[in-house]
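# Chains, contacts and geometry: an overview
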Amino acid sequence: MAALTHDLDLASLRLAPGEGRRLRLAVRIEPLVLGGQRYAAEPDPVAVTLEVSRVAGRGYALRLTFDASLAGPCMCCLNDARATVDVQAREVDLPGDGEELSSPYVARDTLDLQAWAHDAFALALPVRVLCREECAGLCPICAADLNDAGPGHTHERAPDPRWAKLRELDLD
C-alpha cells in the first residue's frame, strides 16, 4: 500500500515549469452524513493517483483519480447498500491570477489531499444510494420492507373522515 498522506508539500517535488510527476498515495476519506445517515468510504484508506504538473510561474495543475465504494443504509429501505464511485477531479492553482484559478486545497505550496479527496468523492456520488436498482422501499403505513413483503402486501383503506358523522346515524 502507498504512503498514507493527509497534506502533500508540492514544493518538495522540485518540479521545473512544464515538468510533472505521478504519485500513488493512500488517503483516508472521512465518513459522509447524508439525510442523517452515516456513509463510509471503502477501503480505508483509499488508494489514489495524483498527477502534479508545474505550470509556468508559481502554479500547479493537479489531477486526482481513484475508485472507492460508499457503504451505508439504502435510502429507500434502510438495508445495507453499496455504491461504487469512480472519481476524477482536477484543480488548478495559479496564485495571483484571480479567484477562479486559485484552488481552495492548495495553500503555500501545500496540498490538502484529504480534504480534496473527500470533496471529490462526495461530488461523484450517485443521487440515491440503493441496495438494488429496483428497491421498493418501505410501506408508508406499516414500514414493512416491500422488497420482502411481496405484491400481496396491502392495507384496508381507512374510511374517509368527512363521512364520519353519517356513520353515526341510526337509520333503522
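A brief structural summary.

This part covers the environment of Ala-144. Among the secondary structure elements, Ala-144 is positioned in the loop between helix 1 (113-124) and helix 2 (146-149). When neighbours within four sequence positions are excluded, Ala-144 is seen to be in contact with Gly-137, Leu-138, Cys-139 and His-153.

Our focus in this paragraph is the sheet that holds strand 9 (residues 110-112). Two pairing modes exist for strands in a sheet, parallel and antiparallel, and in both the strands are linked by backbone hydrogen bonds. Here we have 3 strands laid out as an open sheet, ordered 1-9-8, and antiparallel in their pairing. Each edge of the open sheet is held by one strand with a lone partner, namely strand 1 (7-9) and strand 8 (106-107). Both strand 1 and strand 9 contribute to a ladder of 3 bridges, which runs antiparallel. Bridged to Asp-7 within strand 9 is Asp-112.

The next point concerns the pairing of strand 7 (residues 80-93). Residues Ala-81, Ala-83, Val-85, Val-87, Ala-89, Glu-91 and Asp-93 point to one face of strand 7 and are all buried, whereas Asp-80, Arg-82, Thr-84, Asp-86, Gln-88, Arg-90 and Val-92, pointing to the other face, are not buried. In this structure, the hairpin formed by strand 6 (residues 59-73) and strand 7 is closed by a connection of 6 residues, where Leu-78 is found at a positive phi of approximately 70°.

Counted according to the given criterion, the structure contains 2 aromatic pairs. Measuring from centroid to centroid gives 6.2 Å for Tyr-105 and Trp-116, while their planes differ by 25°, and the two rings are stacked. Taken as a pair, Tyr-105 in the loop between strand 7 and strand 8 and Trp-116 in helix 1 lie far apart in primary sequence, 11 residues in all. There is no split in this pair, since Tyr-105 and Trp-116 are both buried.

Here we take up a nonpolar patch on the surface. On the surface, Trp-163, Leu-166, Leu-169 and Leu-171 cluster together into a nonpolar patch covering about 490 Å² of accessible area. Its location among the elements puts Leu-171 in the segment after helix 3 (164-167).

Conventions and cut-offs
- Residues numbered from 1 in each chain as written.
- Predicted model: local features only at pLDDT ≥ 70, side-chain atom pairs only at ≥ 80, totals over all residues.
- Heavy atoms only, no water.
- Helix = DSSP H or I, 4+ residues; strand = E, 2+ residues; numbered from the N terminus.
- Contact = heavy atoms within 4.5 Å.
- Pairing = 2+ DSSP bridges.
- Buried < 20%, exposed > 50% of the residue type's maximum accessible area, 1.4 Å probe, protein only.
- Phe/Tyr/Trp six-rings, centres within 6.5 Å; stacked < 30°, edge-to-face > 60°.
- Patch = residues over 30% accessible without salt bridge, like charges linked within 9 Å, V, L, I, M, F, W, Y side chains within 5 Å.
- Areas by Shrake-Rupley, 256 points an atom, 1.4 Å probe, with all protein chains shown as cover.
- Salt bridge = Lys/Arg side-chain N within 4 Å of Asp/Glu carboxyl O.

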